[in-house]
Amino acid sequence: CQHSCTAYTPPPPPPPPEASASHVGRLCTYDIFAGRGDALPVHEAEEVCEQSGGHLASFHDRWTQQSVVDLLPEGVRGVWIGLHDRHLEASCEETGFIWMDETPTDFESWAQGEPNDWLEGEANCHNPGEHEVAGEDCVELYANGRWNDLACDADRAFVCQHSCTAYTPPPPPP
């Protein structure tokens, strides 16, 4: 270096996103990341949730889910939740969707016609998952409280859960 050069120091990484709203539920605290610039693909959203000791949200009843939906900012169409079937392709009638936090899938709220594993412009309901490319393996929660399966690499706002107490599913009906 012929001039007074100093060693290059890269800029610090951007700060992690901050929740735009929170809800303290019966089992968990739910943080909504729906501010400007918070839209991420599902794997990056899950990393943000894990940094705060949690996961993308799981829901086990409509009341908890509705409490979170009620906090979504106006204009937010959908947010990632922790439901996926990346491990197994099933069909559109029987799903293999599981929660990232490994709690039971004992509540569902699919939008009409979902899940449909949309791929290349058509429903991919008969995909055995062995040799074909999967279409939509992750789930977004719409602002109306219904779910849609979606490609995991789409950017969406997201809902994290943390500080959860152990979940015990209710007993089966007699």
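Structure: above.
Quick caveat: nothing in here was measured; it's all calculated off a predicted structure. (Residues numbered from 1 in each chain as written. Predicted model: local features only at pLDDT ≥ 70, side-chain atom pairs only at ≥ 80, totals over all residues. Heavy atoms only, no water.)

Undergrad: How should the overall build of the protein chain be read in this particular structure?
TA: The number of helices and strands found in the protein chain is 2 helices and 8 strands. In sequence order, the protein chain lays out its α and β elements as β-β-α-β-α-β-β-β-β-β. Counting the 174 residues in the protein chain, one finds 47% classified as buried. When contacts within the protein chain are restricted to residue pairs at least 6 apart in sequence, long-range pairs at least 24 apart make up 68% of them. (Helix = DSSP H or I, 4+ residues; strand = E, 2+ residues; numbered from the N terminus. Buried < 20%, exposed > 50% of the residue type's maximum accessible area, 1.4 Å probe, protein only. Contact = heavy atoms within 4.5 Å.)

Undergrad: What should I look at first to understand the state of the cysteines in this one?
TA: Here a disulfide denotes a covalent bond joining the sulfur atom of one cysteine to the sulfur atom of another. Applying the stated criterion to the full structure yields 3 disulfides. For C49, the disulfide goes to C160, at an S-S distance of 2.0 Å. Across the disulfide from C49 to C160, rotation about the S-S bond amounts to roughly -80°, and the bridge is consequently left-handed. Highlighted residues: C49 in helix α1 (residues 42-51) and C160 in strand β8 (residues 157-162), separated in sequence by 111 residues. Note on C49: relative accessible area 0%, which makes it buried. (Disulfide = S-S within 2.5 Å.)

Undergrad: What exactly am I supposed to notice about helix α2 (residues 62-69) here?
TA: Turn by turn, an α-helix covers 3.6 residues, leaving residues three or four places apart pointing in a common direction. Among the residues of α2, those classed as buried are T64, Q65, V68 and V69. Looking straight down α2, one finds that the buried residues subtend no more than 140° of arc, so they occupy a single side. Exposed residues on α2 whose side chains face more than 90 degrees from its buried face are R62 and W63. If you follow the buried residues of α2, they end up packed against β1 (21-24), β2 (29-33), β6 (138-142), β7 (147-150) and β8. With a side-chain oxygen lying 3.1 Å from the backbone nitrogen of W63, the N-terminal cap of α2 falls on D61. (Arc of directions from axis to C-beta. Polar contact = N/O pair within 3.5 Å; in protein donor to acceptor, adjacent residues only side chain to side chain.)

Undergrad: Explanation requested: the pattern of salt bridges in the structure shown.
TA: Side-chain pairing between opposite charges can occur once the charged atoms of the two side chains come close. Counted according to the given criterion, the structure contains 3 salt bridges. Between D61 and R26 there is a salt bridge, with the nearest N and O atoms lying 3.4 Å from each other. With a gap of 35 residues between them, D61 in the loop between β3 (55-56) and α2 and R26 in the loop between β1 and β2 connect regions that are remote in the sequence. Residue classification places D61 among the buried residues on the basis of a relative accessible area of 10%. One salt bridge in this structure joins E140 and R77, with 3.8 Å as the shortest N-O distance. Of the two residues, E140 is situated in strand β6 and R77 in the loop between α2 and β4 (78-84); the sequence distance between them amounts to 63 residues. Residue classification places E140 among the buried positions, given a relative accessible area of 0%. Overlapping salt bridges, with partners in common, bring together R77, E140 and R156 in one network. (Salt bridge = Lys/Arg side-chain N within 4 Å of Asp/Glu carboxyl O.)

Undergrad: Sorry if this is basic, but what is going on with the packing of aromatic side chains here?
TA: Any two aromatic rings considered together are summarised by their centre-to-centre distance and by the angle between their planes. Summed over all chains, the structure comprises 6 aromatic pairs. Measuring from centroid to centroid gives 5.5 Å for W110 and W147, while their planes differ by 80°, and the two rings are edge-to-face. One end of the pair, W110, is in the loop between β5 (98-99) and β6; the other, W147, is in strand β7, with 37 residues separating them in the sequence. Judged by its relative accessible area of 0%, W147 is buried. Three or more aromatic residues joined by ring pairs make a cluster, and in this case those are F97, W99, F107, W110 and W147. (Phe/Tyr/Trp six-rings, centres within 6.5 Å; stacked < 30°, edge-to-face > 60°.)

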